[in-house]
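Residues per chain, in single letters:
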Amino acid sequence: MILPGNNITRNMKFFLMLTLMVVFYASNGQSSTDHDSRLNDSLQDQTQKDIIYSYTIMQSVNNTWCYDIFKEGKRFIHQTSIPGLPGNEGFKNKSDAERVAQLVIDKLKKGEMPPSVTTDELKKMKIL
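The structure displayed is predicted, hence computed values, not measured ones. Think of each chain on its own: its residues are numbered from 1, step by step along the sequence as written. Confidence filtering applies because this is a predicted model: local features only for residues at pLDDT of at least 70, side-chain atom pairs given and counted only at 80 or more, and all residues used for totals across whole chains, interfaces and linings. Hydrogen atoms and water are omitted, and side-chain values are computed over all heavy atoms in the structure.

Asks: An account of the nonpolar core is needed here, citing residue identities and associated values.
Replies: Counting 20 residues, the largest nonpolar core has Y67, I69, F91, V100 and V104 as its most contacted members. If you list the elements that add at least two residues to this core, you get β1 (53–59), β2 (65–71) and α2 (94–109). What counts as a helix is a DSSP run of H or I of at least four residues, what counts as a strand is a run of E of at least two, and both are numbered from the N terminus. Sort the elements by how many residues they give to this core and α2 lands first, with 7 residues. Whether two residues are in contact is decided by their heavy atoms, any of which lying within 4.5 Å being enough. In this view, F91 contacts T64, W65, Y67, S81, I82, P83, D96, A97, V100 and I127; residues no more than four positions away in its chain are not counted. Only buried residues count toward a nonpolar core. Its members are Ala, Val, Leu, Ile, Met, Phe, Trp, Tyr and Cys residues joined through side-chain atoms within 4.5 Å. The cut-offs for exposure are 20% and 50% of the maximum accessible area for each residue type, with area from a 1.4 Å probe on protein chains only; residues under the lower value are buried, those over the upper are exposed, and the others partly exposed.

Next comes the structure, spelled out in structure tokens:
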């Protein structure tokens, strides 16, 4: 003979087990996703560090200087003017163009895209 209370108890146990399994798999999946995200970020950081960047400094119009940034040997950025400033004027001297090119490469290696140069950074470098 089956007592009505036994069916309710079995149903409650089943519901409780089902709920626990759903919670376990949901939290386990989220943890895995977080781990995958951190792993992808780490791999991307390592990939950025492994990329070879270089630059060349050239004379430009009106006795100014400009630079090209190369990524894996291919021209990636052609900067004929001082970044972050209006107009088309290049750098007043070769040294300033070289220091900004190095700053841009540092930003690229950190994964900054675009590797914008601010007027505050130019002031700190005593270019402005």
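Asks: I'd love a proper account of the side chain of D68, names of residues and values included.
Replies: Mapped onto the elements, D68 comes out in strand β2. In this structure D68 comes out as buried when scored by relative accessible area, which is 4%. Of note is the side chain of D68, whose polar atom sits 2.4 Å from the side chain of H78. Setting aside chain neighbours within four positions, we find D68 in contact with S54, Y55, T56, M58, R75, I77, H78 and Q79. Think of a polar contact as two N or O atoms within 3.5 Å of one another; within protein, one of them needs to be a possible hydrogen donor and the other a possible acceptor, and neighboring residues in sequence only count if both atoms come from side chains.

Asks: Can you break down the pairing of strand β3 (residues 74–79) residue by residue, with the values?
Replies: Two elements, β2 and β3, share 5 bridges in a ladder whose sense is antiparallel. By the bridge assignment, D68 is partnered in β3 with H78. Remark: 2 residues form the turn of the hairpin made by β2 and β3, two consecutive strands paired antiparallel; E72 in that turn has positive phi of roughly 55°. Two strands form a pair only when DSSP identifies at least two bridges running between them.

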